[in-house]
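The primary structure of each chain is shown beneath.
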Amino acid sequence: MRGTYRWRRQLHIDCIYMQKLNYLPQPINELQIQSTAYSSKKSLSRKRQSRAAADMDVVSWNMTISAHMRNGDCQAALRVFNSMPRRSSVSCNAMISGYIANNKFGRAKDLFDKMSDRDLFSWNVMLSGFVRHKDLSGARALFVRMPEKDVVSWNAMLSGYAQNGLVDEARDIFDKMPCKNEISWNGMLSAYVQNGRIEDARSLFQSKMDWEVVSWNCLMGGFVKSKRVLEARRLFNTMPVRDEVSWNIMITGYAQNGDMEEASKLFELSPSRDLFTWTAMVSGYAQHGMLNEARSIFNRMPDKNSTSWNAMIGGYVKYQRMQMARDLFDAMPSRNTSSWNTMITGYAQAGDIDRARSMFDSMSERDSISWSAMIAGYAQNGRSEEALQLFVEMERDGERLNRSSFTCSLTACADIAALELGKQLHGRLVKAGFHTGCFVGNAVVAMYCKCGSIDEARDAFQEIAHKDVVSWNTIIYGYARHGFGEEALAVFESMKTSGIRPDATTMVGVLSACGHTGLVGKGTEYFYSMSQDFGIVANSVHYTCMVDLLGRAGRLEEAENLIRNMPFEPDASTWGALLGASRMHCHIELGEKAAQVVNEMEPDNSGMYVLLSNLYAAKGRWPDVGKMRLKMRNKGVKKVPGYSWLEAQNKIHTFTVGDSSHPEKEKLHAFLEEMDLKMKNEGYVSSTKVVLHDVEEEEKEHMLKYHSERLAVAYGILSIPVGRPIRVIKNLRVCEDCHNAIKYMSKIVGRLIILRDNNRFHHFNGGSCSCGDYW
């Protein structure tokens, strides 16, 4: 529409230009022609007749140029322009306008620079071109050079500043304008609203009385966007004239804020309802879980478009009413890509990833959102390798990689610790220009943290141009999980200095950092001051962190008292932290008490049985270990099998205890036998108490020797080039004996070994671990 208007305006200017020169006479009837024919012949000399004909030709040529430009055929327009025996400034203006409209700004600038007879229109068109191409420095320079300026010139500069978020500069232009029109006032008002400066918008609005309805709507929309619905309603009530947009803004404002009762009242009072009004009501009800009301409005709609159908389907999907969503999807007369994407996302979020994939494969057309939704579905459902495989397929298919696809793929890399692939993705997103934004940047930081490369995580964090609270939380929690508590707290202090206000998640990271490094005093201070300092009320996760902090330090009585005095009922995780601390410090009575509570809350929690079994085994109470196994068997509770994996030669290698399926198992077992002898010569002694079986010591030692984490480390030593860290991941907590053994292995082979278990990272180097054996 805008393009059509622009070209009509250009033709209108051509006609006005010729009319002013008396070359385009007004339409006349046949009698007038007869009565004036003789006088015309008499008054016009041959020379003037010739000039008039030539000028009429110029208009015709100009209209042809405009037509070619409107159709996007710049070459045809240029051929006409070059063949013209005579040109006017309008001819050049038509070419410049056409080039700008067809994104050939360089050619427009070249032609403008060559013009000798520029008029005000030429300057304004060129000025608008600079603004359109976001070259504000060029626009400023041209504006200063202009021999004369009109309100269009000033409005172009105001628009340029406003579109680029330079609101103060826009206001400076506005204040300096010698004269203003409605476009000037509305442009300034819109600049304030679009950039969230609602108070400035209100002040500007109050400084003038005769606003158009579109201006009232603009300010009212700003209040709605800022969730200031009451102020929007006051403005709505005082409007001298309302149109459909006014009613729609107000109805949408109430609907988006969940006040469906008021939205419904306005909906019924609305003098006319368009498709947007009906859809706003459907969407409002659906997004706030009022699905029956949404369906009632949906069924009453006189007309529906794809947005209406998708709003209703989206409501069903959000509240996991997938069968109803599918029935409605199947009934849609015409589905668009968004409809398919909504269903794919719904199935993926419901855990039905295979059905999501079936729909994805059935799509006739996919967009980047389709691919990203499917990649996210695989990543969220623990099928990280399939997520990464789909990312590769997306790239091969020629689909544009967007922020979401990169973020989901980076998350998948983090889950399986595929560092090399993660680095490749990081390189690609840098080339795509996404690396400085916090959305993708946060995913990069998280990937490096979870893959065990904390130094690269720090570098990626520093590259983020505008860090948000998630950026800071990610790096703080990364340092905490790696056991670098002091570094985590230093980043926390930098966060406060930067002006970013910590949130509840920040304090979880801070308390975890204190817990992993034994900073009991610091952690206690942060816990009891976060409400006063940051207005953060402690939740169950914060209390769990404190129980873990006190429990690890052996202050079990304090940890239990904290649980007893919580302002709400402790959950299974909080009691589980106390159980873990009881096992660590071999406090059987407290461990049994905690295990009983966890069992009542989560009877299928295998971790509770394992922790208590470990506690009994450490004390040699084998009959009790047997009873725990029998309980698990009778209740159908299965222990999660332990396994470890690492990335080597661009492949993920997975190991289980005593693994005999790996193609290089004989080589691995021989290496571990040899390593065991070297370790014993260095002073290593097996910690057989961690074996949960009542067998001979020699058999226990043999069982420990082939734990999954030790097999993975051995494979890393044999296959990863010297000088590169060996990064191993285990799905469960590393056992005490393997932790001790890997310290010796790092010393003997002179390698950095980084192990991530389900609790934290361990950096083994030169015979010691970064955790300081505090884990």
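Bear in mind the structure is a predicted one, so any value in this text is a computation, not a measurement.

Asker: What exactly am I supposed to notice about the packing of helix 29 (residues 469–481) against helix 30 (residues 485–498) here?
Answerer: Helix-helix packing is described using two parameters, namely the angle between the two axes and the distance between the axes. Contact pair helix 29 / helix 30: the axes reach a minimum separation of 8 Å and the direction vectors enclose 165°. On the basis of their axis angle, the class for helix 29 and helix 30 is roughly antiparallel. Considering only the axes of helix 29 and helix 30, their crossing is left-handed. Only Glu487, Ala488, Val491, Phe492, Ser494, Met495 and Ser498 of helix 30 make contact with helix 29, whose side of the interface consists of Val469, Trp472, Asn473, Ile475, Ile476, Tyr479 and Ala480. The residue makeup of the contact of helix 29 with helix 30, split by class, is 10 nonpolar, 3 polar and 1 charged.

Asker: Explain the nonpolar core to me, please; I cannot follow it from the model alone.
Answerer: Within soluble globular proteins, side chains that are nonpolar tend to cluster in buried spots. Counting 203 residues, the largest nonpolar core has Ile65, Ile96, Met188 and Met343 as its most contacted members. Among residues more than four places away in sequence, those in contact with Ile96 are Ala108, Leu111, Phe112, Met115, Val125 and Met126. Counting residues in hydrophobic clusters, the runner-up holds 31 residues, among them Leu646, Cys738, Ile742 and Cys769.

Asker: Would you take a moment to explain the packing of aromatic side chains for this structure?
Answerer: Two aromatic rings, taken as a pair, are described by how far apart their centres are and by the angle between their planes. Applying the stated rule across the entire model yields 22 aromatic pairs. A centroid spacing of 5.1 Å and a plane angle of 85° characterise the contact between Phe298 and Trp309, whose relative ring orientation is edge-to-face. Of this pair, Phe298 sits in helix 18 (residues 291–300) while Trp309 sits in helix 19 (residues 306–318), and the two are 11 residues apart along the sequence. With relative accessibility at 2%, the residue Phe298 sits in the buried group. Members of the aromatic cluster, joined through ring pairs, are Phe174, Trp185, Phe205, Trp211 and Trp216. Cation over ring: Lys208 sits above Trp211, and NZ or CZ is 4.6 Å from the ring centre.

Asker: What's the story with the packing of helix 21 (residues 337–349) against helix 22 (residues 353–362) in this structure? I'm lost.
Answerer: At their nearest, the axes of helix 21 and helix 22 sit 7 Å apart, and the two run at 160° to each other. When the axis of helix 21 is compared with that of helix 22, the two are roughly antiparallel. Between helix 21 and helix 22 lies a crossing of left-handed hand. Here Trp340, Met343, Ile344, Tyr347 and Ala348 of helix 21 come into contact with helix 22, specifically with Ile353, Arg355, Ala356, Met359, Phe360 and Ser362. Split into classes, the residues belonging to the contact of helix 21 with helix 22 amount to 9 nonpolar, 1 polar and 1 charged.

Asker: Whenever I open this one, helix 9 (residues 151–163) confuses me. Can you help?
Answerer: Between its first and last C-alpha atoms helix 9 spans 18 Å; for 13 residues at 1.5 Å apiece the expected length is 18 Å, and the two agree. With respect to burial, helix 9 is a largely interior element, 10 of its 13 residues being buried. Check the buried side of helix 9 and you find it contacts helix 7 (120–132), helix 8 (136–145), helix 10 (167–176) and helix 11 (182–194). Residue Asp150 occupies the N-cap position of helix 9, its side-chain oxygen lying 3.1 Å from the main-chain nitrogen of Val152. Immediately beyond the C-terminal end of helix 9, within one or two residues, lies Gly165, with a positive phi of roughly 75°.

Asker: Sorry if this is basic, but what is going on with the side chain of Ser405 here?
Answerer: Note on placement: Ser405 falls in helix 25 (residues 403–416). The exposure class assigned to Ser405 is buried, which follows from its relative accessible area of 0%. Those residues in contact with Ser405 that lie beyond four places of it in its chain are Ser372, Ile375, Phe391 and Met394.

Asker: Just checking my understanding: could you explain the pattern of salt bridges for this structure?
Answerer: Side-chain pairing between opposite charges can occur once the charged atoms of the two side chains come close. Tallied over the full model, the rule gives 39 salt bridges. Here Arg197 and Asp168 are joined by a salt bridge, their closest N and O atoms 2.9 Å apart. With Arg197 in the loop between helix 11 and helix 12 (198–206) and Asp168 in helix 10, this residue pair connects regions lying 29 residues apart in the sequence. In this structure, Glu592 engages Arg621 in a salt bridge whose closest nitrogen and oxygen atoms are separated by 3.6 Å.

Reading guide: rules and limits
- Residues numbered from 1 in each chain as written.
- Predicted model: local features only at pLDDT ≥ 70, side-chain atom pairs only at ≥ 80, totals over all residues.
- Heavy atoms only, no water.
- Axes fitted to C-alpha atoms, helices over the stretch in contact; angles between N-to-C directions.
- Helix = DSSP H or I, 4+ residues; strand = E, 2+ residues; numbered from the N terminus.
- Parallel < 35°, antiparallel > 145°, perpendicular 65-115°, else oblique.
- Left-handed = near helix turned anticlockwise from the far one by under 90°.
- Contact = heavy atoms within 4.5 Å.
- Nonpolar A, V, L, I, M, F, W, Y, C, P; charged D, E, K, R; others polar.
- Core = buried A, V, L, I, M, F, W, Y, C linked by side-chain atoms within 4.5 Å.
- Buried < 20%, exposed > 50% of the residue type's maximum accessible area, 1.4 Å probe, protein only.
- Phe/Tyr/Trp six-rings, centres within 6.5 Å; stacked < 30°, edge-to-face > 60°.
- Lys NZ or Arg CZ within 6 Å of the ring centre and 35° of its normal.
- Expected span 1.5 Å × (residues − 1).
- Polar contact = N/O pair within 3.5 Å; in protein donor to acceptor, adjacent residues only side chain to side chain.
- Salt bridge = Lys/Arg side-chain N within 4 Å of Asp/Glu carboxyl O.

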